[in-house]
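Spelled out, the chains give:
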Amino acid sequence: MFKGKSVVAVFIFFVSFTLFNCAGENVAIESTLYEDLVSLNNEFDIFQQPETSSGVPDYSAAAMEEKYRELKTYQNRLKAIDPGSWSVPNQVDYHLVRAEMNGYEFQHRVLRPWLIDPGFYNVVIRRYGRVGNLPLDGDALAGLRERLQSVSAILEQATVNLNSFSDISGDLGTLAVLSLGDTRASLEALSGRLAGHHPGLAPDVERALAAIDDYIGWIEANKSKMTARAGVGKENYNWLLKNVYLFPYTWEDIRTIVELEDNRVRTFQKLEENRNRNVPAIKPVQSQEEYKASVSNAIDHIMDFIRDEEIFTIDDFLTPDDYFGSWHGFDNPWPEKHDYFFNFSHREPVMEESHEMVGHHFDGLRSRNDDRPVRGGRRPYKIGTARHEGFAFALEEQAILTAGMLMAERSPMSRLRSERSGHYQTSTCTARTGVTLMQRNSASTTRRMENCLKAVTICGLN
Ligand SMILES: [Zn+2]
């Protein structure tokens, strides 16, 4: 049974905190309660999802304009919450919600990818081929079937929404074709896996693949008419850095920082080369067995080092248990050609494992074990990317060189490898800060550039 006070509370809950004044404008109710931020955040999470019918999201201009209008209501509600008296962690949550609303605003006000980026529709479908262990049970199977059957409608919608070619950049078209190739490959791989368990899905996979081919053909056929510039420009980018990434730096500041870092790392590299001029070069590993053993040894070394030197608190869940081999390709045949990073990891894997395991893997574990209502949730619009990558790159150098991880029993040439790896990062950063503002017709077709452009926004320190 409700008591008087509870009835009022329930009533207020149902009117939410948005009321309308006589002029029909939104008037948000002021609050100093952290719980109001949590419920606003939960509602905003749902609001950001597009309206969907039979697995097909509606990205039409009209539907998106409606969403953009509604965003103001959420932003007003946030502004009406005063976090001034809260604890610092709760105030951080407030700013995360603010950043997320700004990220959504940037999508609508500046990027509008559903109208001008052919790769946007690939982002919608790119994970459809990623399926866990087979066979699937009833709900999971029905979900996969719906996703596969929605591909052709989603890509048909793309060709309707992307109707103003002079607003579209041909570079984004080129990048879209590359990304669609990856999605296609993952659906083909799924097709092979499904054959033994769910052969009934074969026609759905075939239709999805055909739809991707048609869409690639449509992009290629129209690319010459896609004449816009791809970059968002400095002013927009600086707004994004400040209001979505919550960065204290402008694009110009970042370029200066990266150039200074690049100069410093080059100098260190030359000094290390000179110091080790009489030390024999490290021989790279020559087989998966050797590579596996060297990675295993590096991980043990890193974990011992962090524990013995008490570099940071190691929560019980921070272990390499699910990490070893997760991306290394140990089970694949030894490739004839390796990508650039293997120049380092095949000689000294400590830098890469510091980045990938201590950086990204441990970050992922911390996030998965974080059940706080705002902080533990998903973080869209690359809000966390700069922190994740900045931290991982910092680990490569600071933990290793400055804290002394490579000083002890490992080869002195490893330190040189680390500087070379650092130099690679600073020089690609320099390139990437430029790419964010890139001019028409200057797209590189490398996947790293693609990642940079896809976000249009990945910061220079990524
Ligand atoms: Zn990384």
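Residues numbered from 1 in each chain as written. Predicted model: local features only at pLDDT ≥ 70, side-chain atom pairs only at ≥ 80, totals over all residues.

Asker: I keep staring at the overall build of the protein chain and nothing clicks. Help me out?
Answerer: When helices and strands are tallied, the protein chain shows 17 helices and four strands. When the 462 residues of the protein chain are sorted by exposure, 32% land in the buried category. Here the contacts in the protein chain between residues at least 6 apart in sequence split such that 80% fall between residues at least 24 apart. (Helix = DSSP H or I, 4+ residues; strand = E, 2+ residues; numbered from the N terminus. Buried ≥ 20, exposed ≤ 12 C-beta atoms within 10 Å, placed from the backbone. Contact = placed C-beta atoms within 7 Å.)

Asker: What is the right way to look at the packing of helix α8 (residues 170–194) against helix α9 (residues 202–222) in this model?
Answerer: Helix-helix packing: each pair is described by the crossing angle between the helix axes and the interaxial distance. Two elements in contact, α8 and α9, have axes separated by 10 Å at closest approach and are oriented at 165°. One element, α8, and the other, α9, form an angle in the roughly antiparallel class. In this structure, α8 meets α9 at a crossing whose hand is left-handed. Where α8 abuts α9, its residues Gly173, Ala176, Val177, Leu180, Thr183, Arg184, Leu187, Glu188, Leu190, Ser191 and Leu194 lie against Ala202, Val205, Ala208, Leu209, Ile212, Tyr215, Ile216, Ile219 and Glu220. (Axes fitted to C-alpha atoms, helices over the stretch in contact; angles between N-to-C directions. Parallel < 35°, antiparallel > 145°, perpendicular 65-115°, else oblique. Left-handed = near helix turned anticlockwise from the far one by under 90°.)

Asker: Before we go on, may I ask you to explain the packing of helix α3 (residues 61–79) against helix α4 (residues 88–111) in this structure?
Answerer: Two elements in contact, α3 and α4, have axes separated by 10 Å at closest approach and are oriented at 155°. As far as their axial angle goes, α4 and α3 are roughly antiparallel. Crossing geometry of α3 relative to α4 is assigned as left-handed. Facing Met64, Tyr68, Leu71, Tyr74, Gln75 and Leu78 of α3, the residues of α4 in contact are Val97, Arg98, Met101, Tyr104, Glu105 and His108. Counted by class, the contact of α3 with α4 contains eight nonpolar, two polar and two charged residues. (Nonpolar A, V, L, I, M, F, W, Y, C, P; charged D, E, K, R; others polar.)

Asker: Looking at this structure, I do not really get the nonpolar core. What am I missing?
Answerer: Among soluble globular proteins, nonpolar side chains are generally buried collectively. Within the largest apolar cluster, 32 residues are counted, with the highest numbers of intra-cluster contacts made by Tyr121, Leu148, Val151, Ile154, Leu155, Val205 and Tyr215. No other element matches α8, which puts seven residues into this core. Judged by nonpolar contacts, the second largest core, of 16 residues, contains Phe344, Met357, Phe393 and Leu395. (Core = buried A, V, L, I, M, F, W, Y, C linked by C-beta atoms within 7 Å.)

Asker: Hey, could you run me through α8 in this one?
Answerer: Along an α-helix, residues three or four apart share an orientation, since each turn contains 3.6 residues. Its 25 residues place the ends of α8 36 Å apart at the C-alpha level, agreeing with the 36 Å of an ideal helix rising 1.5 Å per residue. Among all positions of α8, only Gly170, Asp171, Leu172, Gly173, Thr174, Leu175, Ala176, Leu180, Thr183, Leu187, Leu190 and Leu194 are buried. (Expected span 1.5 Å × (residues − 1).)

Asker: What's the story with unusual backbone geometry in this structure? I'm lost.
Answerer: The general pattern is negative phi for most residues beyond glycine and trans for most peptide bonds. Proline 135 follows leucine 134 through a cis peptide bond whose omega is 0°. In this fold, proline 135 is placed in the loop between α6 (120–125) and α7 (138–161). Of note in this structure, serine 54 is not a glycine but carries a positive phi near 50°. As for its position among the elements, serine 54 is in the loop between β3 (52–53) and β4 (56–57). In this structure, tyrosine 381 takes a positive phi of about 60° despite not being glycine. Residue position: tyrosine 381 is located in the loop between α14 (350–368) and α15 (385–402). A tally of 22 C-beta atoms within 10 Å means that tyrosine 381 is categorised as buried.

Asker: Is there a simple way to explain the environment of isoleucine 154 in this structure?
Answerer: Within the fold, isoleucine 154 resides in helix α7. On a C-alpha basis, the gap between isoleucine 154 and tyrosine 121 in space is 7.1 Å, while along the polypeptide they are 33 residues apart.

Asker: Even after reading the chapter, I still don't get the environment of aspartate 167, so can you show me in this structure?
Answerer: Mapping aspartate 167 onto the fold places it in the loop between α7 and α8. The exposure class assigned to aspartate 167 is partly exposed, which follows from the 13 C-beta atoms found within 10 Å.

Asker: When you look at the confidence of the model for the protein chain in this model, what are you seeing that I'm missing?
Answerer: Interpretation of this model should avoid reading the predicted coordinates in detail wherever pLDDT is low. Residue-level pLDDT values for the protein chain average 83, and 80% of them are 70 or greater. Confidence drops under a pLDDT of 50 for residues 1–24, and excluding neighbours within four residues, the segment shows 18 contacts in the predicted structure. Counting contacts from residues 433–462, a segment whose pLDDT is below 50, to residues more than four positions away or on other chains yields 68 contacts. (pLDDT = per-residue confidence, 0-100.)

Asker: Which parts of the structure should I look at to understand α9?
Answerer: Between the first and last C-alpha of α9 there are 31 Å, a value that for 21 residues agrees with the 30 Å anticipated at 1.5 Å per step. Here α9 has its buried residues at Asp204, Val205, Ala208, Ile212, Tyr215, Ile216 and Ile219. Relative to the axis of α9, the buried residues are bounded by an arc of 120° and lie together on one face. The exposed residues of α9 that point more than 90 degrees off its buried face are Ala202, Pro203, Ala210, Gly217, Glu220 and Ala221. Of the surrounding elements, those touching the buried residues of α9 are α7 and α8. (Arc of directions from axis to C-beta.)

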